[in-house]
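Summary of the model geometry
Read off the chains here:
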Amino acid sequence: MEYKRIAVLASGRGSNLQSVIDGIESGYINNAKIMTVISDNREAFALERARAKGIEGLWLNPGDFASYEDYNNSIIEKLENLHIDLVVLAGYMKILSKGFVQTFQNRIINIHPSLIPSFCGVGYYGEKVHRAVLEYGVKITGATVHFVDEGADTGPIILQEAVKVYQDDTVGSLAKRVLEVEHRLLPEAVRLFCNEMLCIDGRRVYIKDGGAL
Ligand code: GRF
């Protein structure tokens, strides 16, 4: 099987991007290459992480485009020119345009720091997710990797793993434990996708033999 060409979109720290880079370097993800890392944020450390590995780290400023649609279209064009097979959203803070999602249908995955469908959707990002978890008082949270559809965090779920909420948890301590899980789930989802081991049937994603989680 030919290797899969990945594009990562990230807006911040990029630790999830790093988990995919590491997964490829270690051979755990055995047939993929990150062709580009694109950010809407010039300061995103994700760009540094990419460049440190000789991967293109591209800042595309939404403010340089006449409309949000144009901004998305420029990314689509870039990704099509690179013949991208899989788009990984790794802490990407922008909502993708409808055209973007349609162009890469079933080929975009996102990592979210809760057990979807709880604590997700519009307004639930970053620390806000963990704060909401603590305020609600749930005893279990977790992480989810899912395909991206036109809604906010509504696409078919690929992998999930639970994380216990402790009585003395803070937003920071909870985020840290959930992040450890994210760093396992995302490379695994990428590996499964790149080995063509994922099968989408409506809302359900089936994993063919050999899935580790
Ligand atoms: C992660 O918690 C991810 O689930 C969410 O944004 C955060 C990004 O962290 N979508 P990082 O930039 O990958 O370190």
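What comes next is a walk through the structure.

**Comments concerning the packing of helix α1 (residues 15-26) against helix α2 (residues 45-52)**
Taken N-terminus to C-terminus, the directions of α1 and α2 make an angle of 20°; their axes are 9 Å apart at the nearest point. On the basis of their axis angle, the class for α1 and α2 is roughly parallel. Considering how the two elements wind past one another, α1 and α2 form a crossing that is right-handed. Taken together, the residues of α2 that come into contact with α1 (itself represented by Ser15, Leu17, Gln18 and Ile21) are Ala46, Arg49 and Ala50.

**Remarks on the packing of aromatic side chains**
Tallied over the entire structure, the rule returns 6 aromatic pairs. For the ring pair Phe119 and Tyr124, a centre distance of 6.4 Å and an interplane angle of 70° mean the geometry is edge-to-face. Residue classification places Tyr124 among the partly exposed positions, given a relative accessible area of 32%. Members of the aromatic cluster, each reached through a chain of ring pairs, are Phe65, Tyr68 and Tyr71.

**Overview of the site of the ligand**
Close contacts around the ligand come from Arg13, Gly14, Ser15, Asn16, Gly91, Ile111, His112, Pro113 and Glu182, and that covers them all. The contact in question runs from a nitrogen atom of the ligand to an N or O atom on the backbone of Ile111, over 3.1 Å. Coverage of the ligand by the protein amounts to 87% of the 360 Å² it exposes when considered alone. One can see that the ligand is located within the largest pocket. At the level of secondary structure, the elements contributing two or more residues to the shell around the ligand comprise α1 and β5 (108-112). Split into classes, the residues belonging to the shell around the ligand amount to 2 nonpolar, 5 polar and 2 charged.

**Notes on the environment of Gly172**
Position of Gly172 relative to the elements: it lies in helix α6 (residues 171-194). When the C-alpha positions of Gly172 and His130 are compared, they lie 8.3 Å apart, and in sequence the two are 42 residues distant.

**What about the layout of surface pockets?**
Estimated volume of the largest pocket: approximately 1000 Å³. Considering the residues around the largest pocket, the lining is formed by 45 residues, among which Gly91, Tyr92, Met93, Tyr125 and Gly126 are closest to the centre. Listed by contribution, the elements that provide at least two residues to the lining of the largest pocket are α1, α4 (98-103), β5, α5 (127-136) and α6. Here the lining of the largest pocket gets 5 residues from one element, more than from any other, and that element is α6. Broken down by class, the residue content of the lining of the largest pocket amounts to 19 nonpolar, 17 polar and 9 charged.

Parameters at a glance
Residues numbered from 1 in each chain as written. Predicted model: local features only at pLDDT ≥ 70, side-chain atom pairs only at ≥ 80, totals over all residues. Heavy atoms only, no water. Axes fitted to C-alpha atoms, helices over the stretch in contact; angles between N-to-C directions. Helix = DSSP H or I, 4+ residues; strand = E, 2+ residues; numbered from the N terminus. Parallel < 35°, antiparallel > 145°, perpendicular 65-115°, else oblique. Left-handed = near helix turned anticlockwise from the far one by under 90°. Contact = heavy atoms within 4.5 Å. Phe/Tyr/Trp six-rings, centres within 6.5 Å; stacked < 30°, edge-to-face > 60°. Buried < 20%, exposed > 50% of the residue type's maximum accessible area, 1.4 Å probe, protein only. Near = heavy atom within 4 Å. Polar contact = N/O pair within 3.5 Å; in protein donor to acceptor, adjacent residues only side chain to side chain. Areas by Shrake-Rupley, 256 points an atom, 1.4 Å probe, with all protein chains shown as cover. 1 Å grid on protein atoms, 1.4 Å probe; cavity = no way out; pocket = protein on both sides within 12 Å on 5 of 7 lines; lining within 4 Å. Sits in = over half its atoms within 2 Å of the grid points. Nonpolar A, V, L, I, M, F, W, Y, C, P; charged D, E, K, R; others polar. Points joined across faces, edges and corners; volume = space filled by probe spheres on them.

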